[in-house]
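Tertiary structure, described
The lines below spell out each chain.
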Amino acid sequence: MSKRSPNDLIDTKYLIKQVEKELESSSRRLFGKQILSLGSLSLLSGCALTDGDSAEKMLVSVSRWNDRVQAFLFDPNKLAPTYPESMITKPFPFNAYYGEDEIRDVDGTRYKLELGGLIRERKPWTLSQLAMLPQTSQVTRHICVEGWSAIGKWGGVRFSDFLKMVGADTTAKYVGFKCADDYYTSIDMPTALHQQTLLTLTFADRILPREYGFPMKLRIPTKLGFKNPKHITEIYVTNDYPGGYWEDQGYNWFGGA
Amino acid sequence: MQISLHPRYVRICHWVNALAIFLMVTSGWRIYNASPIFNFLFPKSITIGGWLGGGILWHFAAMWMLVINALIYLMVNILSGRMQSKFLPLYPKQLFTDLRNALLLKLQHSDITHYNAVQKAAYLSVMLGIFIAIISGLAVWKSVQFPLLRELMGGYDNARVVHFFAMTFIVSFVMIHLLMVALVPATLKTMLFSRKQVIQQGADK
Ligand code: HEM
């Protein structure tokens, strides 16, 4: 029998959440059919209230409209709040589209960050080359699309400095990311150039742990958690909408906070 | 006697609002379930969206319906003077008398064109409740872009709690509201049909 760790005692909220996650992943696969699952209500009426397909199309086009509204609301000079280190959330929650036992191991010595798309100098970067660039750090709130939030300290290279240094076309629309855990996502250029957006190499003043995205993640305190890719292996600049792992399943693409 | 029933815009706004509130509440419960604030979940069968992403899509689509409709209602209602004449004045003393009579089931409903003090208070407070739901929702959705709203709500996490209780208030209102309509069904006709239609229907009987 395994002994209960103090963590198990924290609260039933955690347990509820885990169960919910299990259910979640199965209903996600039914997306489309289930989008207007009024459960018992649609059973009562004996038929679907709305044709799933056209409801889904309508919802997705409103979501595109919400992208534009958020791009309009986004103020490049507005900073996400920062906090004293005493407010850092401990332990900081792990979250990904897979469980904690499936975290990818990336070999830091052989790691290469590839650059692609509308970037002038596309030579790959090693971890030590990245570590030699000027570093900065900040304590910010990570807000998850699920609703929870947690405060952490991330350090690394200001992403706008990096993009300018490698000659990225900063008039392009999107920056896309591919990750070692097969995750992928993309963000708008104004957010990429925001001064708090960091190519992150450290968490809590230590080398970025594997559960938080070793060797490198992008930290964007002005966006929701799923817009902060971990284990990044490729960064590319493009004008063609690149989508994302969650975004292609229905999460709002802009995902701003 | 001149009966002045609900103008057409009030009837349309009312039903659009009812649909918007239904979508907001049931999709909101789905979103809540992804990361509950308290030690309970809403039964999945009374939520919409199927999964978190679907719930969010519904919530952020229906919010436009809710907000635009509320703005139209408030604008026309205030500018036309209907807000004043229907909901004001509202005196505490009268509210208490009407409330006591209502609880003793002694409140007169002979003139359904006139709102009693309990109705006035209930309708005004649910309007305030919807307003608080909207601004706390904005604080949760755009906590970085609206720092003032965020601080007004006591920070991001607290804005979620405010949002939750605004929902709870609205849902409580709706339950009592539906009970009242069931008790005085004549009012339902006035919210559905024009004066002409109501009089015709009355004559047909
Ligand atoms: C299907 C559900 C609903 C039914 C059957 C219903 C029915 C009614 C009826 C019959 C009236 C007229 C009362 C009278 O003339 O004395 C009324 C007024 C009102 N209802 Fe509802 N209602 C519903 C949902 C809602 C919801 C969800 C809300 C808001 C959360 C709401 C808010 C109001 C307000 C504010 C008024 C006063 C409107 C005005 O006079 O400008 N109702 N409702």
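Located above this text is the structure these notes cover.
Here we take up the sheet that holds strand E2 (residues 125-126) of chain A. All names here are of chain A. The strand order across the open sheet formed by five strands is E2-E1-E10-E5-E6, and the pairing between neighbours is mixed. Strands at the two margins of the open sheet, each flanked by one partner only, are E2 and strand E6 (184-188). Of the pairings in the sheet, the one linking strand E5 (residues 174-179) to E6 comprises five bridges and is antiparallel in character. Its bridge partner being in E6, tyrosine 174 is matched across the sheet by aspartate 188.

Quick look at the coordination of the iron atom of the ligand now. Residues and elements named next belong to chain B. Protein coordination of the iron atom of the ligand is provided by His14 (NE2) and His177 (NE2), with donor distances spanning 1.9 to 2.0 Å. Its six donor atoms give the iron atom of the ligand angles of 82 to 179 degrees at the centre, a pattern that matches the octahedral case. With a gap of 163 residues between them, histidine 14 in helix H1 (residues 8-34) and histidine 177 in helix H7 (residues 156-183) connect regions that are remote in the sequence. Given a relative accessible area of 23%, histidine 14 falls into the partly exposed group. In this structure histidine 177 comes out as buried when scored by relative accessible area, which is 18%.

Residue and element names in this part refer to chain B. A cluster of nonpolar residues, Ile68, Ile72, Leu74, Met75, Val76, Ile78 and Leu79, forms a patch on the protein surface that exposes about 660 Å² of accessible area. Take leucine 74: it is sitting in helix H2 (residues 52-79). By relative accessible area, which is 34% here, leucine 74 ends up partly exposed.

Residue and element names in this part refer to chain B. In the contact formed by H1 and H2, the axes pass within 8 Å of each other and the chain directions differ by 150 degrees. Here H1 lies roughly antiparallel to H2, going by the angle between them. As H1 packs across H2, the resulting crossing turns out to be left-handed. Its residues placed into classes, the contact of H1 with H2 shows 21 nonpolar, seven polar and one charged.

Residues and elements named next belong to chain B. Packing of helix H4 (residues 92-103) against helix H5 (residues 117-141) leaves a shortest axis separation of 7 Å and a crossing angle of 105 degrees. Here H4 is positioned roughly perpendicular relative to H5, judged by the angle of their axes. Together, Gln94, Leu95, Asp98 and Leu99 of H4 and Ala117, Val118 and Ala121 of H5 make up the contact between the two elements. Looking at the contact of H4 with H5 residue by residue, the classes come out as five nonpolar, one polar and one charged.

We now examine the site of the ligand. All names here are of chain B. Contacts to the ligand come from 25 residues, most closely from His6, His14, Tyr73, Tyr115 and His177. In the environment of the ligand, a nitrogen atom lies 2.7 Å from a nitrogen or oxygen atom belonging to the side chain of histidine 14. Tyrosine 73 places a polar side-chain atom, nitrogen or oxygen, 2.4 Å from an oxygen atom of the ligand. Those elements that provide at least two residues to the shell around the ligand are H1, helix H3 (82-87), H5, H7 and helix H8 (186-192). Split into classes, the residues belonging to the shell around the ligand amount to 17 nonpolar, seven polar and one charged.

Right, let's talk about empty space enclosed by the protein for a bit. A water-sized probe, rolled over the atoms, reveals where empty space remains. Across all of its chains, the model carries two cavities of 30 Å³ or more by this definition. Considering the residues around the largest cavity, the lining is formed by Ala80, Pro81, Tyr83, Arg141, Ile143 and Pro221 of chain A together with Ser143, Val144, Arg150 and Tyr156 of chain B. Residues belonging to the lining of the largest cavity are distributed by class as follows: seven nonpolar, one polar and two charged. Taken as a whole, the second largest cavity encloses approximately 40 Å³ of empty space. Together, Leu59, Val62, Ser63, Asn66 and Asn252 of chain A together with Ile56, Leu57, Phe60 and Ala61 of chain B line the second largest cavity. Secondary-structure elements contributing two or more residues to the lining of the second largest cavity are helix H3 (52-73) of chain A together with H2 of chain B. A per-class count over the lining of the second largest cavity returns six nonpolar, three polar and no charged.

Turning next to the packing of aromatic side chains. Under the definition given, this model contains 39 aromatic pairs over all chains. Judged by centre distance (5.3 Å) and plane angle (40 degrees), the rings of phenylalanine 60 of chain B and tryptophan 141 of chain B are tilted. Taken as a pair, phenylalanine 60 of chain B in helix H2 and tryptophan 141 of chain B in helix H5 lie far apart in primary sequence, 81 residues in all. The partly exposed category is assigned to phenylalanine 60 of chain B, whose relative accessible area is 21%. One aromatic cluster is present, formed by Phe94, Tyr97, Tyr98, Tyr183, Phe226, Tyr245, Trp246 and Tyr251 of chain A together with Trp51 of chain B through successive ring pairs. The ring centre of tyrosine 98 of chain A lies 5.3 Å from the NZ or CZ of arginine 104 of chain A, which sits over that ring. Over the ring of tyrosine 236 of chain A we find lysine 178 of chain A, and its NZ or CZ is 5.3 Å from the ring centre.

Looking now at the nonpolar core. Counting 55 residues, the largest nonpolar core has Leu113, Leu130, Phe159, Phe162, Val175, Leu199 and Ile235 of chain A as the members making the most contacts within it. Among all residues touching leucine 113 of chain A, those that are not within four sequence positions of it are Pro124, Trp125, Leu130, Phe162, Met216, Ile232, Thr233, Glu234 and Ile235 of chain A. Residues Leu59 of chain A together with Leu23, Ala62 and Phe87 of chain B belong to the second largest nonpolar core, which totals 38 residues.

Here we come to the interface of chain A and chain B. Listed per partner, the contact involves 49 residues of chain A and 40 residues of chain B. Of the roughly 3,700 Å² buried between chain A and chain B on both sides combined, carbon and sulfur atoms contribute 63%. Inspection of the region where chain A meets chain B yields one salt bridge. Breaking the side of chain A that touches chain B down by element, the ones donating at least two residues are helix H1 (12-29), helix H2 (40-45), H3 and strand E3 (136-143) of chain A. Ranked by residues supplied to the side of chain A that touches chain B, first place goes to H3 of chain A with ten residues.

Residue and element names in this part refer to chain A. Following the criterion strictly, the structure yields twelve salt bridges over all chains and no others. The shortest N-O distance in the salt bridge between aspartate 105 and arginine 210 comes to 2.9 Å. Pair noted here: aspartate 105 is in the loop between H3 and strand E1 (112-117) and arginine 210 is in the loop between strand E8 (206-207) and strand E9 (217-219), with a separation of 105 residues, a long-range link. Judged by its relative accessible area of 37%, arginine 210 falls in the partly exposed class. Note that glutamate 234 and lysine 178 form a salt bridge whose closest N and O atoms lie 3.8 Å from each other. Taken together, the residues span a long stretch of sequence, with glutamate 234 in strand E10 (residues 232-238) and lysine 178 in strand E5 at a distance of 56 residues. Owing to a relative accessible area of 21%, glutamate 234 belongs among the partly exposed residues under this scheme. Accessibility expressed as a relative area gives 40% for lysine 178, which makes it partly exposed. Here the salt bridges share partners, and the residues they tie into one network are Glu85, Lys153 and Asp205.

Each value, and the rule that gives it
- Residues numbered from 1 in each chain as written.
- Chains lettered and ligands numbered in written order.
- Predicted model: local features only at pLDDT ≥ 70, side-chain atom pairs only at ≥ 80, totals over all residues.
- Heavy atoms only, no water.
- Pairing = 2+ DSSP bridges.
- Helix = DSSP H or I, 4+ residues; strand = E, 2+ residues; numbered from the N terminus.
- Donors = N, O, S within 2.8 Å, 3.2 Å for Na, K, Ca; no water.
- Tetrahedral: all angles 85-135°; square planar, octahedral: opposite > 155°, others 65-115°.
- Buried < 20%, exposed > 50% of the residue type's maximum accessible area, 1.4 Å probe, protein only.
- Patch = residues over 30% accessible without salt bridge, like charges linked within 9 Å, V, L, I, M, F, W, Y side chains within 5 Å.
- Areas by Shrake-Rupley, 256 points an atom, 1.4 Å probe, with all protein chains shown as cover.
- Salt bridge = Lys/Arg side-chain N within 4 Å of Asp/Glu carboxyl O.
- Axes fitted to C-alpha atoms, helices over the stretch in contact; angles between N-to-C directions.
- Parallel < 35°, antiparallel > 145°, perpendicular 65-115°, else oblique.
- Left-handed = near helix turned anticlockwise from the far one by under 90°.
- Nonpolar A, V, L, I, M, F, W, Y, C, P; charged D, E, K, R; others polar.
- Contact = heavy atoms within 4.5 Å.
- Near = heavy atom within 4 Å.
- Polar contact = N/O pair within 3.5 Å; in protein donor to acceptor, adjacent residues only side chain to side chain.
- 1 Å grid on protein atoms, 1.4 Å probe; cavity = no way out; pocket = protein on both sides within 12 Å on 5 of 7 lines; lining within 4 Å.
- Points joined across faces, edges and corners; volume = space filled by probe spheres on them.
- Phe/Tyr/Trp six-rings, centres within 6.5 Å; stacked < 30°, edge-to-face > 60°.
- Lys NZ or Arg CZ within 6 Å of the ring centre and 35° of its normal.
- Core = buried A, V, L, I, M, F, W, Y, C linked by side-chain atoms within 4.5 Å.
- Buried area = accessible area lost by both parts, 1.4 Å probe.

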